[in-house]
Amino acid sequence: MELLREIVHYYTKAIPPREPEKGRQSYKPPWSAFESLAIASKALRQLALESWFEVYFSRSPDDLLHVWPEFELWTRELHCVELGTDLQIRPVQWDLRAFRRLCKLRVDFDPSQSNAMLLMRFDHPRHIASQLQELEVHDVSWPSPMVLRVISQAFPGLRILKLSQDLVWCNLCNICRFATFKDHPPDEIAYVKFVGLPKHYAMYLMPLTHLHTVELTISYGLGGSTSLSKNNDLVWTGECDACMDMMFTGDDFKREWIGRKKTIEKPPSLRSVIWHFRHKNLEDVIVDVDDEPEGGADHDEEDDT
Ligand SMILES: [Zn+2]
């Protein structure tokens, strides 16, 4: 049986997923890809089902309440679509208790809603939220450091954190914006030596003692004044084009700012921070970039403006 399990594992891992970057729909391969295995024999059917339900896709908290008892053993990754808004955080709750071996949670939000605090719906029960090793969140409407604070409080065992959304939080003006550059940036910028995060992101991630990788995917447009295409001597970590254009004209401030970024303290196990860039036209961005949410961004910083 163990050999069969290995073979099925090998077979199912080779099935390509459906566009993982596409939000609010399952990226699991279709069941038809598993079907021939499932009808071959009783033992293979069992193993095919186990493999198929390693990732469980759910559009509603109710879906989690009536799952098969076996999911407790099979499901390692939960992929949830949450279309709610910050205006009604509670009492809606995604109850993770049926998934005792869960390692990864992916949450896809509705980018047209204010949703930055909605991850608070996913921390129950506490012992399962605490054992999660990977969190992937798509389409946070307002990726200010407050989101990072919610994450570090709700999921203290994280090793990998991935955030993917249109906007970026600028550590100079403390506002979430659509990034623009002079030309196309590289597909990714990876930081190993320096933290590579806005200072307040790093600060709120500090309690995550096992966190070793952070990946941030943002959208960008052209028409900005700064280029990241040749080198990254700015040690760019989300600064918006308006700030770079205005505040980096003086060499002294620019040098001091870059120097400060190089000395930001790392969360204890952090090894790499990777920024991914995807080109998008501003008119295709669903989030209203001028619409700051109630409560605003964090304006409590003493030294960043
Ligand atoms: Zn800015």
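Numbers given for residues are sequential positions, taken from 1 along each chain in its written order. Totals for whole chains, interfaces and linings use every residue, but because this is a predicted model, local features are given only for residues with pLDDT of at least 70 and side-chain atom pairs only at 80 or more, for both listing and counting. Water and hydrogen atoms were dropped before computing side-chain values, which therefore reflect all heavy atoms in the structure.

## Re the side chain of histidine 138
And step 1. Only DSSP runs of H or I covering at least 4 residues are called helices, and only runs of E covering at least 2 are called strands; the numbering of each starts at the N terminus. Mapped onto the fold, histidine 138 is located in strand S4 (residues 134–138).
And step 2. Within polar-contact distance, the side chain of histidine 138 engages the side chain of glutamate 136 at 2.8 Å.
And step 3. Working rule for contacts: check all heavy atoms of both residues, and any pair within 4.5 Å makes them a contact. Other than its neighbours up to four places away in sequence, histidine 138 contacts Pro20, Glu21, Arg106, Val107, Asp108, Phe109 and Ser164. Polar contact criterion, stated in full: a pair of N or O atoms within 3.5 Å, where within protein one must be able to donate a hydrogen and the other to accept it, and residues adjacent in sequence count only if both atoms are side-chain atoms.

## A short note on the coordination of the zinc ion
And step 1. Each metal site lists N, O and S donors within 2.8 Å (3.2 Å for Na, K and Ca). With water left out of the atoms, a site can look as if it is missing ligands. For the zinc ion, the full set of protein donor atoms is Cys170 (SG), Cys173 (SG), Cys240 (SG) and Cys243 (SG), and the range of their distances to it is 2.3 Å.
And step 2. In the primary structure, the donors to the zinc ion are separated according to the pattern C-x2-C-x66-C-x2-C. As far as burial versus exposure is concerned, cysteine 240 and cysteine 243 are alike and both buried. Each residue gets one of three labels from its accessible area relative to the maximum for its type: buried under 20%, exposed over 50%, partly exposed in between, using a 1.4 Å probe on protein chains only.

## Regarding the nonpolar core
And step 1. In terms of nonpolar packing, the biggest core is built from 83 residues, with Phe155 and Trp236 touching the most fellow members.
And step 2. The residue makeup of this core includes at least three contributed by each of domain 1 (1–52) and domain 2 (58–284).
And step 3. Excluding anything up to four places from it in sequence, tryptophan 236 contacts Val168, Phe181, Tyr191, Ile218, Leu228, Met244, Lys261, Trp275 and Phe277.
And step 4. Listed in part, the six residues of the second largest apolar core include Val8, Leu37, Leu47 and Ala48. Within this scheme, the nonpolar core is defined by two criteria: the residues are buried Ala, Val, Leu, Ile, Met, Phe, Trp, Tyr or Cys, and they are joined through side-chain atoms within 4.5 Å. Throughout, the edges of the domains are those of an automatic or database domain assignment.

## Re the confidence of the model for the protein
And step 1. Per-residue pLDDT for the protein has a mean of 90; in total, 94% of the residues score no lower than 70.
And step 2. pLDDT is a per-residue confidence score from the predictor, ranging from 0 to 100. Of the regions scoring below 50 in pLDDT, residues 294–305 engages in 26 contacts with residues more than four places distant in sequence or in other chains.

## Here's the deal with the pattern of salt bridges
And step 1. Take a side-chain nitrogen of Lys or Arg and a carboxyl oxygen of Asp or Glu: if they are within 4 Å of each other, that pair is a salt bridge. In this structure the tally under the stated criterion is 19 salt bridges.
And step 2. Here aspartate 139 ties to arginine 24 by a salt bridge, and the two come within 2.8 Å at their closest N and O atoms. Here aspartate 139, found in the loop between S4 and helix H6 (145–154), pairs with arginine 24, found in the loop between helix H1 (2–13) and helix H2 (32–38); they are 115 residues apart in sequence, far enough to count as distant.
And step 3. For aspartate 139, a relative accessible area of 12% corresponds to the buried category.
And step 4. Under the relative-accessibility criterion, arginine 24 is labelled partly exposed at 27%.

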